[in-house]
Amino acid sequence: MENGLTHFDQQGNAVMVDVSEKAVTHRIAVASGKIFVNQAVYDAIVQGTVKKGDVLGVARVAGIMAAKKTSDLIPLCHPLMLTKVEVTCAPFKDNQAPEPFDGHCGIRVETTCSLVGKTGVEMEALTAASVACLTIYDMCKAVDRGMEIGPIRLLHKEGGKSGTWDRQ
């Protein structure tokens, strides 16, 4: 399409992109997200005292499961045979965090999805990061409902006709 929006036909109707003529290539996408928490939540996560259990372990599994279900959640995404989904969750302290988060702390989630196929895995990586952050919120909301999620963003993608892209 002239405007670069591939999910619309000539009449402006939403469509699933036909990838049958695209080349099969190795495709990778890396995304990240953050959830900012107060000091009490941070301490409970790091010390493993959250009543619902292992917050970071559950968030990792939730992110992996979400990547595998992306096409069930995003209407025009293709179902994909992912060959790798990796989710890491790391506590951080950051003086640049938004107010009012005392201690400026939280959890940084990074996801990597890959496959050999005809379409990219950016949506899967972004969905995994989003759901991992949402899972942390769900497991810790009894301690603080004021947690803040964001930004969720693509960091890197490679493969396909458009090649490699990196966030600057």
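This text gives an overview of the structure that appears in the document.

The rules we used
Residues numbered from 1 in each chain as written. Predicted model: local features only at pLDDT ≥ 70, side-chain atom pairs only at ≥ 80, totals over all residues. Heavy atoms only, no water. Buried < 20%, exposed > 50% of the residue type's maximum accessible area, 1.4 Å probe, protein only. Helix = DSSP H or I, 4+ residues; strand = E, 2+ residues; numbered from the N terminus. Pairing = 2+ DSSP bridges. Phe/Tyr/Trp six-rings, centres within 6.5 Å; stacked < 30°, edge-to-face > 60°. Contact = heavy atoms within 4.5 Å. 1 Å grid on protein atoms, 1.4 Å probe; cavity = no way out; pocket = protein on both sides within 12 Å on 5 of 7 lines; lining within 4 Å. Points joined across faces, edges and corners; volume = space filled by probe spheres on them. Nonpolar A, V, L, I, M, F, W, Y, C, P; charged D, E, K, R; others polar. Axes fitted to C-alpha atoms, helices over the stretch in contact; angles between N-to-C directions. Left-handed = near helix turned anticlockwise from the far one by under 90°.

## Let's talk about the pairing of strand S1 (residues 25–37)
Thought 1: Taking burial as the measure, the 13 residues of S1 include ten buried ones, the bulk of the element.
Thought 2: Here S1 runs beside strand S3 (residues 105–117); their pairing, made up of 13 bridges, is antiparallel. Bridge pairing in S3 places Phe 36 opposite Gly 106.

## A look at the packing of aromatic side chains
Thought 1: The tally for this structure, following the rule as stated, stands at one aromatic pair.
Thought 2: Relative to Phe 92, the ring of Phe 36 has its centre 5.6 Å away and its plane inclined at 90 degrees; by these criteria the two rings are edge-to-face. Of the two residues, Phe 36 sits in strand S1 while Phe 92 sits in strand S2 (residues 84–93), which places them 56 residues apart along the sequence. For the pair Phe 36 and Phe 92, a shared accessibility class is recorded, and that class is buried.

## Re unusual backbone geometry
Thought 1: For the bond from Gly 150 to Pro 151, the omega torsion is -5 degrees, close enough to zero to count as cis.
Thought 2: Examined against the element boundaries, Pro 151 turns out to sit in the loop between strand S4 (148–149) and strand S5 (153–158).

## What about the environment of Val 85?
Thought 1: Structurally, the position occupied by Val 85 is in strand S2.
Thought 2: Taking the C-alpha atoms as reference points, Val 85 and Ser 114, separated by 29 residues in sequence, lie 6.7 Å from one another.
Thought 3: Each residue touching Val 85, except ones within four places of it in the same chain, is listed here: Ile 64, Ala 67, Thr 112 and Cys 113.

## Side note on empty space enclosed by the protein
Thought 1: Going through the model one piece at a time under the given rule, you end up with one cavity of 30 Å³ or more.
Thought 2: Counted as a void, the largest cavity has a volume near 50 Å³.
Thought 3: In this structure, the largest cavity is lined by Ala 67, Lys 68, Thr 70, Ser 71, His 78, Pro 79, Leu 80, Leu 82 and Glu 124.
Thought 4: At the level of elements, helix H2 (55–68) and helix H3 (70–73) are the ones that each hand at least two residues to the lining of the largest cavity.
Thought 5: When its residues are assigned to classes, the lining of the largest cavity shows four nonpolar, three polar and two charged.

## Overview of the packing of H2 against helix H4 (residues 122–140)
Thought 1: At their nearest, the axes of H2 and H4 sit 7 Å apart, and the two run at 145 degrees to each other. Considering only the axes of H2 and H4, their crossing is right-handed. Residue-level inspection shows Val 55, Leu 56, Val 58, Ala 59, Ala 62, Gly 63, Ala 66 and Ala 67 of H2 in contact with H4, the latter providing Glu 124, Thr 127, Ala 128, Val 131, Ala 132, Thr 135, Ile 136, Met 139 and Cys 140.

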